[in-house]
Amino acid sequence: MDFFPAIKGQTYEAMQKLLFDAVSRGDVRGMLNDEIVPKAHIAAYLSLYARATSEQEPNTLPPDLALNYDDLCAVFDRPAIDNRKRGRPVKEHSGWPEDRKLAFEMHKMLAGHPDNRQAKSAAEAARMLVSEGKVAGAGTPESRAKRLERAFRKYYSS
């Protein structure tokens, strides 16, 4: 079998077990009488079939269960060793250190220091810094101001 690299070199029994496990987890959709068996029901259906046919091996699929070829390809048509990384990238949004510096600047704006600009609220100070182009990041100016205001409230609210 050249077109399923995930099961290349496996014995027939091992391939049968892998297929049975994929179907019982719901990774490969099964159809009975042109109706898709819901993911929640497939494990119960397979256990009922195993009880009804005690002479069969435990990992045998029912003969009337049709499998979806696209699901088979998605599960078994990839290399056996999956090198894809899972989850969020490691340093993404690691506290926005520049937002913390700008939150300190907002704190000085609100404190009424005579050498700095004055702001009446955190939202106004955040909008002023965004309009000056000091706030980096993607999004609209309003979303960047909200992010900066959240950082300010995180570090300087009581």
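Residues numbered from 1 in each chain as written. Predicted model: local features only at pLDDT ≥ 70, side-chain atom pairs only at ≥ 80, totals over all residues. Heavy atoms only, no water.

(A) Seen up close, the packing of aromatic side chains. Tallying each qualifying case throughout the model produces one aromatic pair. For the pair Phe 152 and Tyr 156, a centre-to-centre distance of 5.6 Å together with 25° between the ring planes defines the contact as stacked. Of the two residues, Phe 152 and Tyr 156 both sit in helix α6 (residues 141–156), four residues apart, roughly one turn of that helix. (Phe/Tyr/Trp six-rings, centres within 6.5 Å; stacked < 30°, edge-to-face > 60°. Helix = DSSP H or I, 4+ residues; strand = E, 2+ residues; numbered from the N terminus.)

(B) Just helix α2 (residues 39–52), in detail. Over its 14 residues, α2 runs 21 Å from end to end, which matches the ideal 20 Å to within 8%, given 1.5 Å per residue. At its buried positions, α2 is contacted by α1 (12–25). (Expected span 1.5 Å × (residues − 1). Contact = heavy atoms within 4.5 Å.)

(C) Looking closely at the pattern of salt bridges. Enumeration according to the criterion identifies nine salt bridges in this entry. Put simply, Glu 105 and Lys 134 hold a salt bridge, and the shortest N to O gap is 3.0 Å. You can see Glu 105 sitting in helix α4 (residues 97–111) and its partner Lys 134 sitting in the loop between α5 (122–131) and α6, a full 29 residues away along the chain. (Salt bridge = Lys/Arg side-chain N within 4 Å of Asp/Glu carboxyl O.)

(D) Region of interest: the packing of α5 against α6. With their axes 9 Å apart at the nearest point, α5 and α6 run at an angle of 130° to one another. Judged on the interaxial angle alone, α6 and α5 are oblique. Relative to α6, the crossing made by α5 is right-handed. Across the interface between the two elements, Ala 122, Ala 123, Ala 126, Arg 127, Leu 129 and Val 130 from α5 touch Pro 141, Arg 144, Ala 145, Leu 148, Glu 149, Phe 152 and Arg 153 from α6. Residue composition of the contact of α5 with α6, grouped by class: nine nonpolar, no polar and four charged. (Axes fitted to C-alpha atoms, helices over the stretch in contact; angles between N-to-C directions. Parallel < 35°, antiparallel > 145°, perpendicular 65-115°, else oblique. Left-handed = near helix turned anticlockwise from the far one by under 90°. Nonpolar A, V, L, I, M, F, W, Y, C, P; charged D, E, K, R; others polar.)

(E) Representation of the environment of Leu 67 in the model. Residue placement: Leu 67 occurs in strand β3 (residues 66–67). Exposure remark for Leu 67: the relative accessible area of 29% places this residue in the partly exposed category. Expressed as a C-alpha distance, the spacing of Leu 67 and Ile 36, which sit 31 residues apart in the sequence, is 9.4 Å. With residues up to four places along the chain from it excluded, the contact list for Leu 67 reads Leu 19, Val 23, Val 28, Arg 29, Gly 30, Leu 61 and Leu 72. (Buried < 20%, exposed > 50% of the residue type's maximum accessible area, 1.4 Å probe, protein only.)

(F) Examining the packing of α1 against α2 more closely. Contact pair α1 / α2: the axes reach a minimum separation of 7 Å and the direction vectors enclose 130°. Here α1 lies oblique to α2, going by the angle between them. For the pair formed by α1 and α2, the contact residues are Phe 20, Val 23, Ser 24 and Arg 25 on the first element and Lys 39, Ile 42, Ala 43 and Leu 46 on the second. Grouping the constituent residues of the contact of α1 with α2 by class yields five nonpolar, one polar and two charged.

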